[in-house]
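# Structure assessment
Each chain is listed here by its residues.
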Amino acid sequence: MEIKVNLNKRSDRTYKIQIGRKDFSSLKKLIPQKFAPDKCIVVTDSNVKRIYNSEIKAVFLSSKEHRSFVITIPAGEKSKSQKVRDKLEREIIKLNPSRQSLLIAFGGGVVGDIAGFLASTILRGIKYIQVPTTIISQVDSSVGGKTGINLPESKNLIGTIYQPAHVQIDIDFIQTLPEEEYFNGLAEIVKSFIIADEKAFGYLEKNINGLLKRNPQTLQYCIKQSVGIKSKIVEQDENETGLRKILNFGHTVGHAIEACSNYRVKHGFAVAEGILVEAQISNQLGKLSENDLQRIKNILEKFGLSKNIRRKYDFNSIWKKILFDKKKNKNGVGFSLISKIGKCEYNILVERYVVKSAYNK
Ligand SMILES: NC(=O)c1ccc[n+]([C@@H]2O[C@H](COP(=O)([O-])OP(=O)(O)OC[C@H]3O[C@@H](n4cnc5c(N)ncnc54)[C@H](O)[C@@H]3O)[C@@H](O)[C@H]2O)c1
């Protein structure tokens, strides 16, 4: 299965997202055929390296066409920092890369974001490939070209929009994900169906068990649909001046919860909570039916994503974080809100008292 991302119809920026099972090894042929790099620099993290060391050797390090190097960063969000960025930059520069060198981000969203960021700045930009290994990175961070690192003040404050040259999604990587990371990722799949695909949402409702058991066919359908949704949106609005904002459904409140928890609450769990509150706002504004609201609540509950985490954080602290994150005008804050499952609008001003009442519901 292949999805093409056409950006402004410029062929040099168009790339393919290859989605399949047991597909990872095809990179061994694809890299020399398609990119003919002088060298490959693989960036991965300590967990992924430990689990997939033999695959890394077989696919990247055994190539006869070019030399390959593997650089490993510590696993976890802390690695998306200026310190790790500097260290990684130095290590890459020591390998003497040229404009023909290829960077490969092999791992979750942390590896993808920092490696993509370096690819966009080293020698003013070299090609990179995303090989995402978590649900979040397969359906979200590897698609759309947002790269970056965190600062102590907040997440993703430094970054670029720099598209990969290719994305290789192998669904089978998901089988080794720890339980918490798996459910954390499901939240982004649920979100993408809520904003843009009622049929896929119906599929989710009928295939809850398949997803709970990580059935490969069910996963493949969900990941493929989510990637399709995101790439269509990115094609129309790469720089998030309009439509791309609908991807932020659930994220206005979700990001505030993440920030209030000092990032101890994982992104997907915070977004799930944000989805509940923001769907509630839509319902209170008379946009979303009671039936659709209930369907959303049910699905999040079935995936263990409805944990009432927000009760730990009082609304005043959440509102402060929302204001830090978002442009506001005197009438309120701009939200992306759904009018039904499968349809989302953006830049909808919502007043504080409405957000407060939905948050405390
Ligand atoms: N660029 C974007 O558009 C975008 C979108 C969404 C999220 N993000 C960013 O992505 C990051 C979150 O991504 P994530 O959830 O993938 O985090 P992550 O990269 O930290 O991966 C989560 C954990 O899973 C481990 N792991 C990765 N693949 C594995 C596998 N196949 N088997 C076992 N363990 C595996 C990692 O070592 C890590 O411990 C955040 O920094 C977030 O800001 C970026």
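Before reading on, note that the structure itself is shown above.
Worth saying up front: this structure is predicted, and the values here are computed from it rather than measured.

## Structural notes on the site of the ligand
Neighbouring the ligand are 26 residues, the closest being Asp45, Gly109, Thr133, Thr134 and Thr176. Here an oxygen atom of the ligand sits 2.7 Å away from a polar atom, N or O, in the side chain of Asp45. For the ligand, whose accessible area on its own is 860 Å², the fraction buried by protein is 91%. Listing elements by their share of the shell around the ligand, those giving two or more residues are α2 (46-61), α4 (109-121), α5 (135-141) and β8 (154-161). By residue number, the principal contributor to the shell around the ligand is α2, which donates four residues. Of the residues belonging to the shell around the ligand, the class tally is nine nonpolar, eight polar and nine charged.

## Thoughts on the pattern of salt bridges
Under the defined criterion, the tally for this structure stands at 21 salt bridges. Residues Arg214 and Glu179 are paired through a salt bridge, measuring 3.9 Å at the closest nitrogen-oxygen approach. You can see Arg214 sitting in the loop between α8 (208-212) and α9 (216-236) and its partner Glu179 sitting in helix α6 (residues 179-196), a full 35 residues away along the chain. For Glu179, a relative accessible area of 55% puts it in the exposed group. The partner of Glu205 in a salt bridge is Arg295, and the shortest N-O contact between them spans 2.8 Å. On the criterion of sequence distance, the pair formed by Glu205 in helix α7 (residues 198-206) and Arg295 in helix α12 (residues 290-302) is long-range, its members being 90 residues apart. Owing to a relative accessible area of 18%, Arg295 belongs among the buried residues under this scheme.

## What about the packing of aromatic side chains?
One pass over the structure, following the stated rule, counts twelve aromatic pairs. Both rings, one in Tyr52 and one in Phe106, keep their centres 6.4 Å apart while their planes meet at 65 degrees; by these two values the pair is edge-to-face. Residue Tyr52 is located in helix α2, and its partner Phe106 is located in strand β5 (residues 102-107); the two are separated by 54 residues in the primary sequence. Under the relative-accessibility criterion, Tyr52 is labelled buried at 10%. Each member of the aromatic cluster is reached from another via a ring pair, and the members are Phe24, Tyr52, Phe60, Phe106 and Phe173. Positioned over the ring face of Tyr359 is Arg310, at 6.0 Å from the centre of the ring.

Analysis parameters
- Residues numbered from 1 in each chain as written.
- Predicted model: local features only at pLDDT ≥ 70, side-chain atom pairs only at ≥ 80, totals over all residues.
- Heavy atoms only, no water.
- Near = heavy atom within 4 Å.
- Polar contact = N/O pair within 3.5 Å; in protein donor to acceptor, adjacent residues only side chain to side chain.
- Areas by Shrake-Rupley, 256 points an atom, 1.4 Å probe, with all protein chains shown as cover.
- Helix = DSSP H or I, 4+ residues; strand = E, 2+ residues; numbered from the N terminus.
- Nonpolar A, V, L, I, M, F, W, Y, C, P; charged D, E, K, R; others polar.
- Salt bridge = Lys/Arg side-chain N within 4 Å of Asp/Glu carboxyl O.
- Buried < 20%, exposed > 50% of the residue type's maximum accessible area, 1.4 Å probe, protein only.
- Phe/Tyr/Trp six-rings, centres within 6.5 Å; stacked < 30°, edge-to-face > 60°.
- Lys NZ or Arg CZ within 6 Å of the ring centre and 35° of its normal.

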